[in-house]
Amino acid sequence: MDAPCLRVPHPGPRTRQYLERVRRTESAAGLTFGLSAETVVMERASGAAIEDVDGNVFLDFTAGFGSLNAGHCHPKVVEAVQAQAARGHQAMSLGADVRLRLMEKVLSLIPGPSEKRIVLGASGSEAAEAAVKMARRATGRSDVVAFEGAFHGRTQGALALMGRKGQRAGLPSFQTGIHHVPYPYPYRSPFGRDEAACLEGTLRYIDEFLKNPASGWGEVAAIIIEPVQGNGGMIPAPLGFLRGLRGICDRHGVLLIVDEVMSGFCRTGKMFSYLHEEGVEPDILVLGKSISGGLPLSACVAKKEISEACGPGTESSTYAGNLVACASGLASIEVYEEEGLADRAAEMGGYFVRRLGELAERHAVVGEVRGRGLMVAAELVSDRASREPLPAAKAASAAALERGFLLYPGGHYGNVLAFLPPLIIGEGHVDKAVEVLDEVLLAVPGMK
C-alpha cells in the first residue's frame, strides 16, 4: 500500500460513524483516542501502512507504540500465528515446546557472564512489577529508585514508579519507598545544559543520596531505568550514564533494573539499547512490546541468584506465555535477525534525525531534534533561548492525521513530536514524513 493516500478527507463518513459508537461504548480511560479525537479506524495494515474503513491509507510512524518493529502483518509472523492457532492457544501450568523455544531464544540474545532465568508475562507493566518484586525479595530491602518522566506501565505497582501527575491523579495510595531522581535529560537538566555536566551531576546526585544516612531514603533494593525514555519524549540517556550507574549500584549493593519494553529488539540500532555501552550487565531486564510482534507478551530476565530468591509460582499470570504470542515472538525475532533490522534502525534513524534537523532550520518552534536508532523526537518550544515548552503535540498529531500520517504526541509537557516507525522503513518513508511535518508546523496555531 502506498502511504499516505487519502481518498476522502479524514475523518471519513464510516470513520465518523464508528467513532460515535465508540464514544457511546468505551470509557474515556481507554486509549482509542490516544493520538487524536478523530483517530484512525483500522481496516487492515501492512508494513508501515494502515488502511482505514474509508479506504484512506496512512503512513504509520508509531508502530503500535513500538510493538511492531517488523511492521504490520509481516508474512513470516502471520504464518507462525496461524500455524500455532491451529495447534493450541493456551497452556497455563503446562509445558509447551513453542514457549520453551521462545524463552531459550530470548536468553540467547542477552550477553554477559551471569547465568540467567526468565519469567514471562502478558504486559510490560506486569514484567516491571515482577522485576521490582524480585529485587525486593532477593535483597531483603524495600526502597526503589526511579526517574522523573519514567513510564513503566499503568497498573498500580508500575504506576508508583512514574512521576507524571496526570497518570497518578486521584490515586493517593501507592507503594511506599519509591524515590524519583532527575533523568539525564541534557535539554532540561537541573545540572546544566552540557551533556557531560548532566551525566556527571545526575550520577553524583544518586550516589550522594545512596550514601548519605540523612537523605531520607531507606534501604534501596534497586534502581530502574529506561535507557531511552519513550513516553517522556524519546530521550536517550547520554552514553556513559548506564556504565556510571552500574558502578554506583555495585558500590552500594543495589540491583540495576533496565526497562527495554520500548527500546528493545533492535529499535535503537542494537538488539537492546543498553548494549550501546560496554561493561553494562543488568541484574534484571524488563522486556515487552516487540518481543512478540504485536501480541500480548512480556518477559522479566534476572540473574539466576535473584530468580531463585522467589518462591515457586510467585510471578506470571493466566495469559503469560500464551502459545500464539510465543509463536509470534519466535517468528518476529527471526525476522529481526534475518533482515538485519538493528543495522537498518541505526541507518534510518541517522537519516531521519538529519532530515528533521533540516526541518528545524526552517521552523523556530523546533528546539531540539534527538534520537537513538528509530526512537526519534522533535521537541517544540515557544522560545529557543529559554526553551519554554510549547504544548502543541496533540494538535500536531491531529493535523498530521488529516494529512495521512501517524506520529506519537509525547513529552513531559505535551510538547514532543515522537516517532517509532517500523524498522523496515526506507528513505522514501522518512522523506514523506518530513514533508508532512513541514506542513503541520505551518498549520497548527501557535507554531507559525
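Use the structure listed above.
Nothing here was measured: the structure is a model prediction, and the numbers come from that model.

Reading the values: rules and limits
- Residues numbered from 1 in each chain as written.
- Predicted model: local features only at pLDDT ≥ 70, side-chain atom pairs only at ≥ 80, totals over all residues.
- Heavy atoms only, no water.
- Phe/Tyr/Trp six-rings, centres within 6.5 Å; stacked < 30°, edge-to-face > 60°.
- Pairing = 2+ DSSP bridges.
- Helix = DSSP H or I, 4+ residues; strand = E, 2+ residues; numbered from the N terminus.
- Salt bridge = Lys/Arg side-chain N within 4 Å of Asp/Glu carboxyl O.
- Buried < 20%, exposed > 50% of the residue type's maximum accessible area, 1.4 Å probe, protein only.
- Expected span 1.5 Å × (residues − 1).
- Contact = heavy atoms within 4.5 Å.
- Polar contact = N/O pair within 3.5 Å; in protein donor to acceptor, adjacent residues only side chain to side chain.
- Axes fitted to C-alpha atoms, helices over the stretch in contact; angles between N-to-C directions.

### Quick notes on the packing of aromatic side chains
Next up, step 1: Following the criterion strictly, the structure yields 13 aromatic pairs and no others.
Next up, step 2: Three or more aromatic residues joined by ring pairs form one cluster here, namely F61, F352, F405 and F419.

### Quick notes on the sheet that holds strand β3 (residues 57–60)
The strands that make up a sheet pair up through hydrogen bonds in the backbone, lying either parallel or antiparallel.
Next up, step 1: In space, the 4 strands of this open sheet follow the order β1-β2-β3-β16, with mixed pairing throughout. A strand with exactly one partner marks an edge of an open sheet, and here the two such strands are β1 (42–46) and β16 (405–406).
Next up, step 2: Pairing of strand β2 (residues 49–52) with β3 involves 3 bridges; the strand directions are antiparallel. Across the sheet, residue E51 finds its bridge partner in β3, namely V57.

### Concerning the pattern of salt bridges
Next up, step 1: In total, this model carries 26 salt bridges according to the counting rule given.
Next up, step 2: K303 serves as the salt-bridge partner of D283, at 2.9 Å between the closest nitrogen and oxygen. Pair noted here: D283 is in the loop between β10 (255–259) and β11 (284–287) and K303 is in strand β12 (residues 298–303), with a separation of 20 residues, a long-range link.
Next up, step 3: The exposure class of K303 is buried, given its relative accessible area of 12%.
Next up, step 4: Linked by salt bridges that have partners in common, E115, R117, K304 and E308 make up one network.

### Thoughts on helix α8 (residues 195–211)
Next up, step 1: The end-to-end C-alpha distance of α8, which contains 17 residues, comes to 25 Å, matching closely the 24 Å that a straight helix rising 1.5 Å per residue would cover.
Next up, step 2: Among the residues of α8, C198, L199, G201, T202, L203, I206, D207 and L210 are the ones counted as buried.
Next up, step 3: If you follow the buried residues of α8, they end up packed against β5 (143–147), β6 (178–181), β7 (220–225) and α9 (241–252).
Next up, step 4: For α8, the N-terminal cap is D194; the gap from its side-chain oxygen to the backbone nitrogen of A196 is 3.0 Å.

### So, the pairing of β3
Next up, step 1: Residues V57 and L59 of β3 are buried on one face, and the alternating residues F58 and D60, pointing to the opposite face, are buried as well.
Next up, step 2: In this structure, β3 lies alongside β16, joined through 2 bridges in parallel fashion. Bridge pairing in β16 links L59 to F405.

### Side note on unusual backbone geometry
Next up, step 1: With an omega of -5°, the peptide bond between A3 and P4 qualifies as cis.
Next up, step 2: Within the secondary structure, P4 is located in the segment before α1 (13–25).

### Examining the sheet that holds β7
Next up, step 1: The strand order β4-β12-β11-β10-β7-β5-β6 describes an open sheet built from 7 strands, whose pairing is mixed. At either margin of the open sheet sits one strand with a lone partner, and together these are β4 (116–121) and β6. The average angle at which neighbouring strand axes cross in this sheet is 20°, direction not considered.
Next up, step 2: Bridge count between β5 and β7: 3 bridges; the pairing is parallel. Residue pairing across strands places V145 opposite I223, the latter belonging to β7.

### Structural notes on helix α11 (residues 323–338)
Next up, step 1: Between the first and last C-alpha of α11 there are 23 Å, a value that for 16 residues agrees with the 22 Å anticipated at 1.5 Å per step.
Next up, step 2: Burial analysis of α11 places 13 of its 16 residues in the buried class, which makes it a mostly covered element.
Next up, step 3: Of the residues that open α11, the one with a side-chain oxygen 3.1 Å from the backbone nitrogen of V324 is N322.
Next up, step 4: Looking one or two residues beyond α11, the residue adopting positive phi is G340, at roughly 55°.

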